[in-house]
Each structure stands twice: as C-alpha cells, then as structure tokens.
Amino acid sequence: MVAASDAPAIPKNQRPDLLAPLIEKAQRGESDPFNAAVIWPKLCDMAEQKLKPFIGKTGDGLQWIDAFDDPQFMSKNALSDRLRRAKKAAIELAKPR
C-alpha cells in the first residue's frame, strides 16, 4: 500500500502524466531510449494489449484514457516531441554545476 505522502506531488495546474510510466518501461534496456522509431513499436504493442491507460491503436496513433476519463490520442510525432523534450531535460540534469 502506498501512503499519500509517498505519491508524487502534482501541482494544481498540472495534469498527471499517465503515459510516462509506460514510455519509461518501453525505454528500459534500449541503446537509444530517446529514439521514437525504437520506442513507438513497443508502445503500439502495449496499446494493442490495452495496458492501461491505453485503450487501442489506430492507423494514426494510440488511443488512451487520461486522468479525467477522457479519451486522448498520441501520434508518433507527439511521442517524438515528448522524447526530444525528455532528452533535453536529461542533458540539462547531467551538466556539471
């Protein structure tokens, strides 16, 4: 059981990122974890298996349900943008201060 204090704090104006754990899982063990061409097929498999929050896959992308139970859509381009931002953030964190 996870105590409320153990859960990550989410600022009021920010939505919980339900896809982040699945993307991180898809990235594990990959030599290029920020390459959408590598991560996309893994996420497609998860969507076809309907691993929550995924509910399916279309020819244009992946369908999922957000924290407010609203259907959402993620394209490969959206994944690429997300991975590019994550890579930039990882590089910034790795810089010596």
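For clarity, every value in this text was computed on a predicted model and none was experimentally measured.

Regarding the overall build of the protein
Tallying secondary structure elements over the protein gives three helices and three strands in all. Written out in order from the N terminus, the α and β elements of the protein read α-α-β-β-β-α. Within the protein, the proportion of its 97 residues that are buried is 25%. The contacts of the protein with a sequence gap of at least 6 include a subset with a gap of at least 24, amounting to 41%. Carbon and sulfur atoms provide 53% of the accessible area of the protein, an area that totals close to 7,200 Å².

Comments concerning the nonpolar core
If you look at the biggest cluster of nonpolar residues, it comprises 17 residues, and the most contacted ones within it are Leu43, Phe54, Leu62, Met74 and Leu79. Contributing elements (two or more residues each) for this core: helix 1 (20-27), helix 2 (36-48), strand 2 (62-65) and helix 3 (76-94). Apart from the residues within four sequence positions on either side, Met74 is in contact with Leu19, Trp40, Leu43, Gly61, Leu62, Trp64 and Leu79.

With respect to the confidence of the model for the protein
This prediction gives the protein a mean pLDDT of 89; 87% of its residues lie at or above 70. Within the protein, no element has a lower average pLDDT than helix 3, which sits at 94, and none a higher one than helix 2, at 97.

A few points about the layout of surface pockets
Here the largest pocket defines a volume of roughly 610 Å³. Residue lining of the largest pocket: 22 residues in total, with Arg15, Asp17, Leu19, Arg82 and Arg85 positioned closest to the centre. Of all the secondary structure elements, the ones that give two or more residues to the lining of the largest pocket are helix 1, strand 3 (71-74) and helix 3. The element that contributes the greatest number of residues to the lining of the largest pocket is helix 3, accounting for five residues.

Observations concerning unusual backbone geometry
In the segment running from Lys52 into Pro53, the intervening peptide bond is cis, with an omega of 10°. Within the secondary structure, Pro53 sits in the loop between helix 2 and strand 1 (54-57). Positive phi outside glycine occurs at Lys50, with the angle close to 60°. For Lys50, a relative accessible area of 53% puts it in the exposed group. Despite not being glycine, Asp69 has its phi angle at roughly 60°, a positive value. Within the secondary structure layout, Asp69 lies in the loop between strand 2 and strand 3.

Thresholds applied
Residues numbered from 1 in each chain as written. Predicted model: local features only at pLDDT ≥ 70, side-chain atom pairs only at ≥ 80, totals over all residues. Heavy atoms only, no water. Helix = DSSP H or I, 4+ residues; strand = E, 2+ residues; numbered from the N terminus. Buried < 20%, exposed > 50% of the residue type's maximum accessible area, 1.4 Å probe, protein only. Contact = heavy atoms within 4.5 Å. Areas by Shrake-Rupley, 256 points an atom, 1.4 Å probe, with all protein chains shown as cover. Core = buried A, V, L, I, M, F, W, Y, C linked by side-chain atoms within 4.5 Å. pLDDT = per-residue confidence, 0-100. 1 Å grid on protein atoms, 1.4 Å probe; cavity = no way out; pocket = protein on both sides within 12 Å on 5 of 7 lines; lining within 4 Å. Points joined across faces, edges and corners; volume = space filled by probe spheres on them.

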